[in-house]
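The residues making up each chain are set out below.
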Amino acid sequence: MVQAPKNVPLLDINRDNRPHRDEFIEALTEVVDSGRFLFGPDVVELEKEVAAHSQADHGIGCASGSDALLLALMALGIGPGDEVIVPSFTFFASVSCVTRLGATPIFADIRPDTFNIDTRHMESLITERTRAIIPVHLFGQCAEIDRICQVAGQHDVPVIEDAAQAIGAAYHSRPAGSWGLVGCFSFYPTKNLGGMGDGGMMTSCDSEMADRLRLFAGHGMRPRYYHQVVGINSRLDTFQAAVLRVKLRHLGDAVEKRTAIANRYKELLSDQQLVGPDELTLPYVDPHAFHVWNQFSIRVAGGQRDALRAHLADQGVGSEIYYPVPMHQQECFEFLGVDGSTLPETERAAAEILNLPVFPGLTEAEQCRVVDSIASFYQQQSARIAA
Ligand SMILES: *Cc1c(COP(=O)(O)O)cnc(C)c1O
């Protein structure tokens, strides 16, 4: 009897963590025994290690990637009347940090090839009220960050990099998080450096800014019980830092595996006996970018995306849509009254994008199943048309 093939998950965190179990237990036992659950030595070491990994001078731990973005804007003193340029095709946290402070997000469109912010459109949106630009390094690939920093610099506007999905990514060999005034990282479990809970980190090469970020993350308190500014409580705990230090040791290896998986998808999906080039668009890698493949994102043409996704689900193949509703169309941002006609590529991406399984432990056999399931969808389509 032929064994039914197992389902292919979008992500299997246990599979990726299992080989390091003994290292986790050892590191966590040390934290338990130390009793230093906040501000433990692992936090200080992880801050140094992430800063070094990102070629930044300073690393400041915080409670999440969302807080990292919020703290960056708080430290810049951004508030009502200020404008912050950000893509609409991103995760919510890239934008909520702006509105939470009473400032106004100004949405830039994206490039159709990389899904990252369109630098020209971004430039056209700069006004005398622009107080920051937040490019997002989406899916693990840097935006055109050299050009973005150059344009922003000409207008004296600071750049805050949303590098939540892009730890270890680089542009012109220089890592994400070292270009802007602040780099914001997330350790949410699905990110390339994922913890066992929430966590985040800010990087900066500006000592004064790094100091302000730390002040704002610690209730604005300095010295103890004397509050200079109204900060928040946002800490990375020692348990997370201990886990993340183990994972950081294996991050290079994990990225190599992600890259091999991405290359195999590209090879398998570009076999035109299976799927025609008009039906799927494979991810484009900017020649200056080092992509770390947090996501493998294809475009599905002809309004077929949702049908393909349903077919994959029937076949037991996981997939996801990042992101189905751009930020300017979210209910909570209706009050901004943004007209989507200036964001055509954002709206097209939201309608066409499909994210396939990619995680270090994904096997070649599983990848072949993903590709076969995609191919069988198009075979059914052409059979239906022929009939
Ligand atoms: C995950 C993510 C965040 C937020 O990080 P959290 O740690 O979940 O708060 C911000 N921006 C982007 C682009 C993300 O993918």
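Since the structure is predicted, the reported quantities are computational estimates derived from the model, not experimental observations.

### Observations regarding a negative patch on the surface
Moving on, step 1. On the surface, Asp22, Glu26, Glu30 and Asp33 cluster together into a patch of negative charge.
Moving on, step 2. Structurally, Glu26 is set in helix α2 (residues 21-34).
Moving on, step 3. Under the relative-accessibility criterion, Glu26 is labelled exposed at 55%.

### Quick look at α2
Moving on, step 1. The end-to-end C-alpha distance of α2, which contains 14 residues, comes to 20 Å, matching closely the 20 Å that a straight helix rising 1.5 Å per residue would cover.
Moving on, step 2. Along α2, the residues that are buried comprise Phe24, Ala27, Leu28 and Val31. Down the axis of α2, the sector holding all buried residues measures 95 degrees, keeping them to one side. More than 90 degrees from the buried face of α2, the exposed residues found are Asp22, Glu26, Glu30 and Asp33.

### Description of unusual backbone geometry
Moving on, step 1. With an omega dihedral of -5 degrees, the bond running from Arg222 to Pro223 counts as a cis peptide bond.
Moving on, step 2. With respect to the helices, strands and loops of the structure, Pro223 is situated in the loop between α8 (207-217) and α9 (238-249).
Moving on, step 3. Of the consecutive residues Tyr322 and Tyr323, the connecting peptide bond is found in the cis state with omega at 10 degrees.
Moving on, step 4. Note that Tyr323 resides in the loop between α11 (305-314) and α12 (344-352).
Moving on, step 5. In this model, Gln55 sits at a positive phi of 50 degrees, which is unusual for a non-glycine residue.
Moving on, step 6. Tracing the backbone shows Gln55 in the loop between α3 (41-53) and β1 (58-62).
Moving on, step 7. The phi angle at Ser173 is positive, at roughly 65 degrees, despite the residue not being glycine.
Moving on, step 8. Note that Ser173 resides in the loop between β6 (170-171) and β7 (174-175).
Moving on, step 9. The exposed category is assigned to Ser173, whose relative accessible area is 67%.

### Points about the packing of α11 against helix α13 (residues 364-386)
Moving on, step 1. Orientation of α11 relative to α13, taken along the N-to-C sense of each, is 125 degrees, at an axis distance of 10 Å. In this view, α11 runs oblique relative to α13, as classed from their interaxial angle. Crossing geometry of α11 relative to α13 is assigned as right-handed. Residues Ala307, Leu308, His311 and Leu312 of α11 touch α13, and the partners they reach there are Val370, Ser373, Ile374, Ser376, Phe377, Tyr378 and Gln380.

### Some thoughts on the site of the ligand
Moving on, step 1. Around the ligand, the surrounding shell holds 16 residues, and the nearest of these are Gly65, Ser66, Asp162, Ser186 and Lys191.
Moving on, step 2. Between Gly65 and the ligand, the recorded distance is 2.8 Å, taken from a backbone N or O atom to an oxygen atom.
Moving on, step 3. In the environment of the ligand, an oxygen atom lies 2.8 Å from a nitrogen or oxygen atom belonging to the side chain of Gln165.
Moving on, step 4. Contact with the protein chains hides 93% of the accessible area of the ligand, taken as 380 Å² for the molecule alone.
Moving on, step 5. Of all the elements in the fold, those that place two or more residues in the shell around the ligand are α4 (65-75) and α5 (93-100).
Moving on, step 6. In terms of residues, the shell around the ligand owes the most to one element, α4, which gives 3 residues.

### Some points on the sheet that holds strand β8 (residues 182-186)
Moving on, step 1. Pairing is mixed in the open sheet, where 4 strands are placed in the order β1-β9-β8-β5. In this open sheet, the two strands that pair with only one neighbour each are β1 and β5 (160-162). Neighbour to neighbour, the strand axes of the sheet diverge by 20 degrees on average, direction disregarded.
Moving on, step 2. Summarising the sheet, β5 and β8 pair through 3 bridges and their orientation is parallel. Paired with Glu161 across the bridge in β8 is Gly183.

### Considerations on a nonpolar patch on the surface
Moving on, step 1. Where nonpolar side chains cluster on the molecular surface, the patch consists of Val32, Phe37, Leu38, Phe39 and Phe239 and spans about 470 Å² of accessible area.
Moving on, step 2. Note on placement: Leu38 falls in the loop between α2 and α3.
Moving on, step 3. Given a relative accessible area of 38%, Leu38 falls into the partly exposed group.

### Looking at the domain arrangement of the chain
Moving on, step 1. Domain annotation of the chain identifies domain 1 (13-108 + 115-249) and domain 2 (251-386).
Moving on, step 2. Computed from C-alpha coordinates alone, the two centres of domain 1 and domain 2 are separated by 26 Å.
Moving on, step 3. In this assembly, domain 1 packs against domain 2 so that about 3100 Å² is buried in total across both faces, 61% of it on carbon and sulfur atoms.
Moving on, step 4. Three residues stand out in domain 1 for area buried against domain 2, namely Phe89, Phe139 and Asn192, and they jointly supply 23% of the buried area on that side.
Moving on, step 5. Between the two partners, domain 1 and domain 2, sit 1 salt bridge.
Moving on, step 6. A salt bridge links Glu366 to Arg15; its shortest N-O distance comes to 2.7 Å.
Moving on, step 7. Between the two partners, domain 1 and domain 2, sit 21 residue pairs in polar contact (both at pLDDT 80 or more).
Moving on, step 8. Secondary-structure elements contributing two or more residues to the side of domain 1 that touches domain 2 are α1 (13-17), α5, β3 (104-108), β6 and α9.

### A look at the environment of Glu144
Moving on, step 1. Examined against the element boundaries, Glu144 turns out to sit in the loop between β4 (130-133) and α7 (145-154).
Moving on, step 2. Aside from chain neighbours lying at most four places away, what touches Glu144 is Arg111, Thr119, Tyr171 and Asp286.

### Digging into the sheet that holds strand β11 (residues 289-290)
Moving on, step 1. The 3 strands are arranged β7-β6-β11 in an open sheet whose pairing can be described as antiparallel. Edge positions in the sheet fall to β7 and β11, since each has one partner strand and no second.
Moving on, step 2. Pairing geometry for β6 and β7, over 2 bridges, is antiparallel. If you follow Ala170 over to β7, its bridge partner there is Pro175.

What counts, and where the lines are drawn
- Residues numbered from 1 in each chain as written.
- Predicted model: local features only at pLDDT ≥ 70, side-chain atom pairs only at ≥ 80, totals over all residues.
- Heavy atoms only, no water.
- Patch = residues over 30% accessible without salt bridge, like charges linked within 9 Å, V, L, I, M, F, W, Y side chains within 5 Å.
- Areas by Shrake-Rupley, 256 points an atom, 1.4 Å probe, with all protein chains shown as cover.
- Salt bridge = Lys/Arg side-chain N within 4 Å of Asp/Glu carboxyl O.
- Lys, Arg positive; Asp, Glu negative; His and termini not counted.
- Charge placed at Lys NZ, Arg CZ, Asp CG, Glu CD.
- Helix = DSSP H or I, 4+ residues; strand = E, 2+ residues; numbered from the N terminus.
- Buried < 20%, exposed > 50% of the residue type's maximum accessible area, 1.4 Å probe, protein only.
- Expected span 1.5 Å × (residues − 1).
- Arc of directions from axis to C-beta.
- Axes fitted to C-alpha atoms, helices over the stretch in contact; angles between N-to-C directions.
- Parallel < 35°, antiparallel > 145°, perpendicular 65-115°, else oblique.
- Left-handed = near helix turned anticlockwise from the far one by under 90°.
- Contact = heavy atoms within 4.5 Å.
- Near = heavy atom within 4 Å.
- Polar contact = N/O pair within 3.5 Å; in protein donor to acceptor, adjacent residues only side chain to side chain.
- Pairing = 2+ DSSP bridges.
- Domains from an automatic or database assignment.
- Buried area = accessible area lost by both parts, 1.4 Å probe.

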